[in-house]
Amino acid sequence: MTVLADAQKNVTCVVADILGGVGVRRRLNQMGIHVGDTVVVRRSGIMGGPLLVEIHGSEVAIGRGMARKIVVGGDDTSK
Amino acid sequence: MNIVLVGQPNCGKSTIFNEVAGYRSISANFPGATIQYTKSQINVNGSVCDLVDLPGIYSLSSFDEAERVSQQYLINEKVDVVVNVMDASLLGRSMELTLQLLDLKIPMVLCLNMIDEAEKKGIFIDTDKLAKTLGIPVVTTVASRGKGINDLFRKVIGTGKEKTTGIIQKNSKDVEQVIEKLAAAIDKSLDDSLPFVGRLLSIKLLENDPFFVSYLEQSHPELTTVIETYQKQLSKTHGRPSDAVINGERHALCLSIFEETATLGKPKIDMRKQVDKVLMHNIWGYFFLLLFLYLFFNAIFRFGAMVEAPFIKIVESSVEHMDVMFGTGSVWSMVAGAVINGFGGGLGIMLPYLVPFLFGLAVLEDIGYLPRVAFLMDAFMHKIGLHGKAIIPAVIGYGCNVPAIMAARIVESPRDRFIASVVAAMVPCAARMTIIMGLVGFYLGGTAAMFIYLANIIVISITGRVLSRMLPEVSPGMLLEIPQYQVPRISSLLQKTWLRLKEFIFIAWPLLIAGSVILGLVEYIHLTVPVNKLLSPVTWILGLPESTGITLIFGVFKKELSMMMLFQAVGTRDLLSVMTLGQILTFTVFVVFYVPCVATIGALYKTVGSKRMALIVLFTFILALAIGFATRALGWLIW
């Protein structure tokens, strides 16, 4: 278990939990990120910039702070 | 018949709207391009209908401005048909809004837009099956190329006449029971005046939607405990908050609908992904960002300057001609001269810069480059206390501050919205751009003009940083969809440029001419001297000729007026004969930074309230004086 902010690039992982309040949960849900979904970090900006995350075939930029609130379970490639 | 386009951000609602209603709604390839709704009358096979383009929403709730506008419209207005537009390539995610719209029990048509994108991604949708599952017609379109639009509106009219509503999708049994129980409990207490259905209300209350919760708290405070009981019941049985349960259920439903109706094939190799490897690269991305900006402003400057020079000569000689015709110093020569000044100024000094600028901005918007800029700039925006999303209002601000401040509403927290509005108001808009180009660019060269832009960015950064220190709060951070690049359609680019240009031609330009005449009359009755005396403290600090004082007042109405009035106030177009290069630079810098124009002040009032608006006006005035004075000192050192 780690948070999305620390996840390796180009490795598929599964969202295990979303920390924080209803606001964070709601905004992530809107972007299609829910507990149980698979996400891949494609790119990370310099100087603490955002992550570019692939989710359900679309790309979403997620700020570091928010990415630290997304708990992901190890890679899903074994499946 | 009232037809309403509803859908998630950047799914092409405005493109569809513009396709049938003519270009009236600014569409762009970034989420949240529409903040207010646009309405138009359209003619579908002989029947006249109203068509409304609502701001994009991810769900039918009321957490942010766009959502509130859309939610309130759907609840309070009489809607005959909802056209749920979705980006077909995001079927699973977009379906979440669809399910909530079904709960409204309004006749509905589902429009799978960008169906070509979906197929490129290897998503093939069985529209018949989807239509059967949802109980509503499903139409596929490629709005950007006008494909399927006729078919869509035929179905829409049919649905509106038949008044068929879709099939409400049920959650798992235990959740559904709680929803029904709560709905029944509320129904007993509420009368029929409620503009929405009990089931929808029940779901929204379990989701803790601020509008519905406060609606009931005010009208039926006794229900608060009932609501809480059911919220708790739901969270107890599922081990997570009730809103998460509802959202989770909806998500699961959508995924199962997606799996039933879509087959996944092999996605085509997309060259556009390769482009992002360079344009979003940690080093090359910034290189290209700077290169694009440089090329963009250089092109505008070169084109504009090429046209400006000969024009000034023509206007100058025409004004002299008027003097000969009507006699120097007569009231008619003054009026005629002023009209020529205003008209020629707009044609020769404003339009040559404005047209390429607005066109270029449209290109950047429609290609979808702006969200990439937001991604690249996020880390830097954090330094000034904002996050990357706030770069979008800032960039729009280079066109006009008014829509920029409106766009600041896409930023979630009120504190961020305030800072983003201040930033948006300080960005030199197209009007100020023409002043920078027309005065500094023209007399001191393109590099000097670039320096003003650079200085402006530095000042904005410092302001943002100071403000964020004064208003400490943890920013919620960026969460922004990065859409695919799209090849812009020339017709859409031209129409968008024209839509924005109209603003200038029909509002600013006549004002420019009227302003010229007013200034001429003020001069004629010798009122300029007392006005200039009144403003002499400002001109004194800035080291400007006293006669320029009155032009600063005009600038508050419309920024462009300052420059046009300057020519008239000093009595010549050959500025160098009456002002030094340092004075021209100081004047421009002051006009760029001081008090935003009346329209911008109005937008600020709407977005941040009267107190903060007054604060911004005062702040920018003092700031402009200080920077103007510094420029004066700089000019003194150089020349």
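Residues numbered from 1 in each chain as written. Chains lettered and ligands numbered in written order. Predicted model: local features only at pLDDT ≥ 70, side-chain atom pairs only at ≥ 80, totals over all residues.

**Student:** It is not clear to me how the interface of chain A and chain B should be interpreted in this structure. Could you clarify?
**Tutor:** Across the contact, 28 residues belong to chain A and 30 residues belong to chain B. Residue assignment for the side of chain A that touches chain B shows that the elements contributing at least two residues are helix 1 (22-30), strand 5 (58-62) and helix 2 (64-67) of chain A. The element that contributes the greatest number of residues to the side of chain A that touches chain B is helix 1 of chain A, accounting for seven residues. Looking at the side of chain A that touches chain B residue by residue, the class counts come to ten nonpolar, 13 polar and five charged. Bridge analysis of strand 5 of chain A against strand 9 (residues 479-482) of chain B gives four bridges, and the strand direction is antiparallel. Considered in strand 9 of chain B, the bridge of Ile62 of chain A is made with Leu479 of chain B. (Contact = placed C-beta atoms within 7 Å. Helix = DSSP H or I, 4+ residues; strand = E, 2+ residues; numbered from the N terminus. Nonpolar A, V, L, I, M, F, W, Y, C, P; charged D, E, K, R; others polar. Pairing = 2+ DSSP bridges.)

**Student:** Explain the sheet that holds strand 4 (residues 81-87) of chain B here, please?
**Tutor:** Note on sheets: strands pair through backbone hydrogen bonds, and any given pair is parallel or antiparallel. Residues and elements named next belong to chain B. Taking strand neighbours across the sheet as the criterion, the six strands line up as 2-3-1-4-5-7 in an open arrangement whose pairing is mixed. The strands lining the two open edges of the sheet, one partner per strand, are strand 2 (38-44) and strand 7 (138-140). Taken pair by pair, the neighbouring strands of this sheet meet at an average axis angle of 25°, ignoring direction. Contacting strand 5 (108-113) and strand 7, helix 5 (residues 127-134) crosses the sheet at an angle of about 150° to strand 7. (Axes fitted to C-alpha atoms, helices over the stretch in contact; angles between N-to-C directions.)

**Student:** Mind showing me how you'd approach the confidence of the model for chain A here?
**Tutor:** Low pLDDT means the predicted atomic positions in that stretch should not be read closely. Considering every residue of chain A, the mean pLDDT works out to 84; 92% of them sit at 70 or more. Per-element mean pLDDT across chain A ranges from 80 in strand 6 (residues 70-75) of chain A up to 91 in strand 4 (residues 51-55) of chain A. (pLDDT = per-residue confidence, 0-100.)

**Student:** Please clarify how helix 20 (residues 446-470) of chain B should be interpreted in this entry.
**Tutor:** An α-helix turns once per 3.6 residues; consequently, residues spaced three or four apart project the same way. Helix length check: helix 20 of chain B (25 residues) gives 36 Å between terminal C-alpha atoms against 36 Å at 1.5 Å per residue, within 8%. On its buried face, helix 20 of chain B sits against helix 13 (284-326), helix 18 (414-426), helix 19 (430-444) and helix 26 (581-593) of chain B. (Expected span 1.5 Å × (residues − 1).)

**Student:** Can you walk me through unusual backbone geometry in this structure?
**Tutor:** Glycine aside, residues mostly have negative phi angles, and peptide bonds mostly take the trans form. Residues and elements named next belong to chain A. Even without a glycine there, the phi angle at Asn10 is positive, about 60°. Position of Asn10 relative to the elements: it lies in the loop between strand 1 (2-3) and strand 2 (12-18). Under the C-beta neighbour-count criterion, Asn10 is labelled exposed, with 11 such atoms within 10 Å. Backbone geometry places Met47, a non-glycine residue, at a positive phi of 55°. Here Met47 lies in the loop between strand 3 (38-44) and strand 4. (Buried ≥ 20, exposed ≤ 12 C-beta atoms within 10 Å, placed from the backbone.)

**Student:** I'm lost on the pairing of strand 4 of chain B in this one. Help?
**Tutor:** Each regular strand displays side chains that alternate between the two surfaces of the sheet. Residues and elements named next belong to chain B. The buried fraction of strand 4 amounts to seven of the seven residues, a majority that puts the element mostly inside the structure. In this structure, strand 1 (residues 2-7) lies alongside strand 4, joined through five bridges in parallel fashion. Following the sheet pairing, Gly7 is matched in strand 4 by Val85. Note that the unit made of strand 4, helix 3 (residues 91-102) and strand 5 has a crossover that is right-handed. (Right-handed = clockwise from strand over helix to strand, strands pointing away.)

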